[in-house]
Amino acid sequence: MLGLYIHIPFCSAICNYCNFNRGLFDAALKERYVGALLTEIQRAGRAGEAGGAGEAARADTIYFGGGTPSLLEAGEIDQIIAACRQSFDVAAGCEVTLEANPETTTTDRLRAYRSAGVNRLSFGVQSFRDDELRRLSRLHGADRARAAFAEARAAGFDNVSLDLMMWLPGQQVDEWLDSVDQAIALGPEHLSLYLLEVYPNAPLKEDMARARWSQAPDEDAATMYMAAMDRLEAASYEQYEISNVARPRRRSRHNTKYWTDGQWLGFGCGAHSTRDGVRWKNVSATEEYIDRIGRSEPTAVDVRRLSDAERLGDALFTGLRLSDGVDEIAIERRYGVDLWQRYGADLQPFLDTGLLKRQNRRLWLTRRGMLLAHEVMTVFV
Ligand code: SF4
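Here's a quick rundown of the structure. (Residues numbered from 1 in each chain as written. Predicted model: local features only at pLDDT ≥ 70, side-chain atom pairs only at ≥ 80, totals over all residues. Heavy atoms only, no water.)

What about the overall build of the chain?
Now for step 1: Scanning the chain from N- to C-terminus turns up 15 helices and 17 strands.
Now for step 2: Relative to the compact-globule value of 21 Å for 381 residues, the chain shows a C-alpha radius of gyration of 21 Å, a close match.
Now for step 3: Referenced to the eigenvectors of the C-alpha coordinate spread, the extents of the chain come out at roughly 55 × 55 × 40 Å.
Now for step 4: Among the 381 residues that make up the chain, the fraction classed as buried is 52%.
Now for step 5: Of the accessible surface of the chain, which amounts to about 16,900 Å², a share of 48% is contributed by carbon and sulfur atoms. (Helix = DSSP H or I, 4+ residues; strand = E, 2+ residues; numbered from the N terminus. Rg over C-alpha atoms; globule rule 2.2 N^0.38 Å. Buried < 20%, exposed > 50% of the residue type's maximum accessible area, 1.4 Å probe, protein only. Areas by Shrake-Rupley, 256 points an atom, 1.4 Å probe, with all protein chains shown as cover.)

What follows is the structure, given as structure tokens:
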């Protein structure tokens, strides 16, 4: 079944490290944007029916990502979900995730999202230490993050994820683990842990130079990752992907589509889609996206039919991100390729050095291998 991704490109302020497709919130622009989104979703539904024997395509996840989707009013979220339901055959029990920033929420607001059909929240917490949040120019503090989590529970959400970032400027290993411990103490169902990447043109780079903040040495970053995963495991979280852990049956169903060779449609500016071996991306600029929708012009730029080799490469590249790894038999059935015959010689050194494991025709990265995943994955690209 399809996943439906809805991009909301608005933020109250722009964080100094951010490399996403986003811009400053503007109420009038947001209103026009929501209208364009509704049109794009309805059109995709009609096009799907026309090309699929008159039947609406089935979908079982909806994901509001951004930007800051929690800047949308509950009524707007409700309209978008309704458009998805009208245009697609949305499965009962569909996972509906909304990314939220802690400074934007109240219990009432979250309750209204829940009434609109949102059943999973993903909070961009990043850190439970105020000094670190200030260095990242985030608008919330640690207390607000904890309050937002409590509001989510009060509003009835039993599926909440927290994003945390490690290897922050000036961050020591024990400071990072303090954030991990504070997250565990709240007891979310899911956590995503990312290494901060400082992009060459990020304002954070200048802030770091001015304030003489630096990132800890690589070995410390490795320790941060390994120690955090150990702690989370000890707290009964299961690591199911390089950057993600969850309680049983609480994996992100939507994001899992990206790692299991699935199919999804992206709506909104800059959103990516992959379906039936074709990949495309919507135009990135918000205004241009709205204009194209208004003129009934295609919003997709960069449409590409993937070759079999590319599809196979992607399936292996993303499949190895999962703790379950890659099922060689499933790959052979789908792509007619004996993975070990084709890549075995290149992969053997990673097995010998303990970065990869192979058993019963299943191949997976060890935790140490996950740290060096890119090196292993270059074999497939
Ligand atoms: S809130 Fe998220 S999307 Fe918005 S600027 Fe900050 S990091 Fe970027």
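Still more to cover.
Comments concerning the packing of aromatic side chains
Now for step 1: Applying the stated criterion to the full structure yields 8 aromatic pairs.
Now for step 2: Seen from their ring centres, F10 and F25 are 6.3 Å apart, and the 85 degrees between their planes marks the pair as edge-to-face. Here the residue F10 occupies a position in strand β2 (residues 10–11), and F25 occupies one in the loop between β3 (23–24) and α1 (27–51), the gap between them amounting to 15 residues.
Now for step 3: Judged by centre distance (6.2 Å) and plane angle (55 degrees), the ring pair of F88 and F267 falls under tilted. With F88 in the loop between α2 (74–87) and β5 (89–100) and F267 in strand β11 (residues 264–267), this residue pair connects regions lying 179 residues apart in the sequence.
Now for step 4: Residue F88 is classed as buried on the basis of its relative accessible area of 4%.
Now for step 5: The class for F267 is buried, based on a relative accessible area of 3%.
Now for step 6: Put simply, the rings of F10, F25, Y33 and Y289 pair up and form one aromatic cluster.
Now for step 7: Its end group placed over the ring of F157, R114 keeps NZ or CZ at 5.3 Å from the ring centre.
Now for step 8: Across from the ring centre of W213, 5.6 Å away, lies the NZ or CZ of R135, which sits over that ring. (Phe/Tyr/Trp six-rings, centres within 6.5 Å; stacked < 30°, edge-to-face > 60°. Lys NZ or Arg CZ within 6 Å of the ring centre and 35° of its normal.)

Overview of the pairing of strand β16 (residues 356–359)
Now for step 1: When β16 meets strand β17 (residues 362–365), the two strands line up antiparallel, connected through 4 bridges. Bridge pairing links Q359 to R362 in β17. (Pairing = 2+ DSSP bridges.)

Examining the nonpolar core
Now for step 1: In this structure, I6, F64, F88, F123 and L347 are the most contacted members of the largest nonpolar core, which totals 98 residues.
Now for step 2: Every residue in contact with F64, bar those within four places of it in the chain, is listed here: I6, I8, P69, I77, I80, I81, V96, T97, L98 and E99.
Now for step 3: C15, Y17, M165 and L168 belong to the second largest nonpolar core, which has 10 residues in total. (Core = buried A, V, L, I, M, F, W, Y, C linked by side-chain atoms within 4.5 Å. Contact = heavy atoms within 4.5 Å.)

Some thoughts on helix α6 (residues 173–186)
Now for step 1: Between its first and last C-alpha atoms α6 spans 21 Å; for 14 residues at 1.5 Å apiece the expected length is 20 Å, and the two agree.
Now for step 2: Buried within α6 are the following residues: V173, E175, W176, L177, S179, V180, A183 and I184.
Now for step 3: Packed against the buried residues of α6 are α4 (130–135), β7 (160–166), β8 (190–195) and α8 (218–234).
Now for step 4: Looking one or two residues past α6, G187 carries a phi angle of roughly 75 degrees, positive in sign. (Expected span 1.5 Å × (residues − 1).)

Some thoughts on the packing of α2 against helix α3 (residues 107–116)
Now for step 1: Two elements in contact, α2 and α3, have axes separated by 9 Å at closest approach and are oriented at 15 degrees. In this view, α2 runs roughly parallel relative to α3, as classed from their interaxial angle. Remark: the crossing between α2 and α3 carries right-handed chirality. Residues A74, I77, D78 and I81 of α2 touch α3, and the partners they reach there are A112, Y113 and A116.
Now for step 2: When its residues are assigned to classes, the contact of α2 with α3 shows 6 nonpolar, no polar and 1 charged. (Axes fitted to C-alpha atoms, helices over the stretch in contact; angles between N-to-C directions. Parallel < 35°, antiparallel > 145°, perpendicular 65-115°, else oblique. Left-handed = near helix turned anticlockwise from the far one by under 90°. Nonpolar A, V, L, I, M, F, W, Y, C, P; charged D, E, K, R; others polar.)

With respect to helix α11 (residues 308–319)
Now for step 1: Here α11 contains 12 residues, and its C-alpha end-to-end distance of 16 Å stays within 8% of the 16 Å for a straight helix at 1.5 Å per residue.
Now for step 2: Considered for burial, the residues of α11 that qualify are L312, G313, A315, L316, T318 and G319.
Now for step 3: If you follow the buried residues of α11, they end up packed against α9 (253–259), β15 (326–327), α12 (328–335) and α13 (339–352).

A closer look at unusual backbone geometry
Now for step 1: With an omega of 15 degrees, the peptide bond running from G66 to G67 counts as cis.
Now for step 2: Relative to the assigned elements, G67 resides in the loop between β4 (58–66) and α2.
Now for step 3: In this structure, S236 takes a positive phi of about 70 degrees despite not being glycine.
Now for step 4: Of note, S236 is situated in the loop between α8 and β9 (238–241).

Description of the sheet that holds β16
Now for step 1: One open sheet holds the 3 strands; their spatial order is β15-β17-β16, and the pairing between them is antiparallel. Two strands close off the open sheet at either side, each with one partner strand: β15 and β16.
Now for step 2: Where α13 meets the sheet, its contacts fall on β15, β16 and β17, and the angle it forms with β16 comes to roughly 135 degrees.

Here we look at the pairing of β11
Now for step 1: Alternating positions in β11 separate into two faces, W264 and G266 on one and L265 and F267 on the other, with burial throughout.
Now for step 2: Pairing of strand β1 (residues 2–8) with β11 involves 4 bridges; the strand directions are parallel. Among the inter-strand pairings, I6 is bridged to a residue of β11, identified as F267.

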